[in-house]
Amino acid sequence: MEFLWQIDSCILLWIQSLRQDWMTPFWKGITFLGDYGWFWIVLGLLFLCFQKTRKPGAAILLALVIGALITNVIFKPLFARTRPYEVIEELVLLVHRQKDYSFPSGHSCAAFAGAAVCYRLLPRRYGTGFLILAGLLAFSRLYVGVHYPSDVLGGIMIGLFAAWTALKIYAWSCRKVSGSSLS
């Protein structure tokens, strides 16, 4: 574990060395999109309003719920990992202090849960755009100093799992509904 912490710390300090004053507002804005998953929740709700995007909207919201349960209810309390700015003296925090544990990144989880559903269910150009946004959002958590790289990687993996699970559940429920209406 000490070896992982050292790698995580070195990467964070290297990212900090790349910071530029003109870039900071951009990265703070990107990280804001992930606060409480609001962007992805609004996107899912907006998609529910239109027939053509109802399936992606429902799947996004389901993926967010699955990801939040795994991340915030199970893993954060289980691992209880301290935030990097509390341990790495040289790390400068660019946003407010977080109230929860560090591992895994909830922002990264929500971003990749929503983006992976979009990638799977929307035309590729839109899905790719959402994946790029998710990648930027995940990186922003490192840039502002609130997560270790392994936190972000864990959040990404959970988000992808949540999207996969939501898509499987949604497909199963659609088959169940269409099967029962034929009987």
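Below or above, wherever it landed, is the structure these notes cover. (Residues numbered from 1 in each chain as written. Predicted model: local features only at pLDDT ≥ 70, side-chain atom pairs only at ≥ 80, totals over all residues. Heavy atoms only, no water.)

Re the nonpolar core
As a reminder, the rule being used: Put simply, buried Ala, Val, Leu, Ile, Met, Phe, Trp, Tyr and Cys residues joined by side-chain atoms within 4.5 Å make one nonpolar core. Per-residue accessibility, obtained with a 1.4 Å probe over protein chains only, is compared with the maximum for each type, and a residue is labelled buried under 20%, exposed over 50%, and partly exposed between these values. Every helix listed is a DSSP run of H or I at least four residues long, and every strand listed is a run of E at least two residues long, numbered separately from the N terminus. In this analysis, two residues are considered to be in contact whenever any of their non-hydrogen atoms come within 4.5 Å of each other.
Residues Trp 40, Leu 43, Ile 60, Val 117, Cys 118 and Phe 130 are the most contacted members of the largest nonpolar core, which totals 47 residues. At the level of secondary structure, the elements contributing two or more residues to this core comprise α1 (2-18), α2 (24-33), α3 (38-48), α4 (54-79), α5 (106-121), α6 (124-143) and α7 (149-182). The element contributing the most residues to this core is α5, with nine residues. Beyond its immediate chain neighbours, meaning those up to four positions away, Trp 40 contacts Ile 60, Leu 64, Ala 110, Ala 111, Gly 114, Ala 115, Phe 130, Leu 133 and Leu 137.

Topic: the pattern of salt bridges
Operational definition: Should a side-chain nitrogen of Lys or Arg be within 4 Å of a carboxyl oxygen of Asp or Glu, the pair is scored as a salt bridge.
A full pass over the atoms with the stated rule returns five salt bridges. Measuring nitrogen to oxygen at the nearest pair gives 2.9 Å for the salt bridge that ties Arg 81 to Asp 8. Of this pair, Arg 81 sits in the loop between α4 and α5 while Asp 8 sits in helix α1; the two residues are 73 residues apart in sequence, bridging distant segments of the chain. Where Lys 76 meets Asp 100, a salt bridge forms, and the shortest distance between an N and an O atom there is 3.4 Å. Taken as a pair, Lys 76 in helix α4 and Asp 100 in the loop between α4 and α5 lie far apart in primary sequence, 24 residues in all. When salt bridges with common partners are traced through the structure, they connect Asp 8, Arg 81 and Asp 151 into a single cluster.

Notes on a positive patch on the surface
We apply this condition: Patch criteria: residues need more than 30% relative accessible area and no salt bridge. Like-charged residues are merged within 9 Å; nonpolar side chains of Val, Leu, Ile, Met, Phe, Trp and Tyr are merged within 5 Å. All accessible-area figures derive from a Shrake-Rupley calculation using a 1.4 Å probe, and residue coverage is judged against the displayed protein chains alone. Charge assignment: positive for Lys and Arg, negative for Asp and Glu; neither His nor the chain ends contribute. A charged residue contributes its charge at one atom only: NZ of Lys, CZ of Arg, CG of Asp or CD of Glu.
A cluster of like positive charges, contributed by Lys 55, Arg 120, Arg 124, Lys 168 and Arg 175, occupies part of the molecular surface. Locating Lys 168 in the fold gives a position in helix α7.

So, α6
Operational definition: Under the convention used throughout, the expected extent of a helix is 1.5 Å for every residue step, that is, one less than its residue count.
When the terminal C-alpha atoms of α6 are compared, their 28 Å separation across 20 residues agrees well with the 28 Å that a helix rising 1.5 Å per residue should span. Every buried residue of α6 is accounted for by Gly 127, Phe 130, Leu 133, Ala 134, Leu 137, Ala 138, Ser 140, Arg 141, Leu 142 and Tyr 143. Count one or two residues on from α6 and you reach Gly 145, which has phi positive near 90 degrees.

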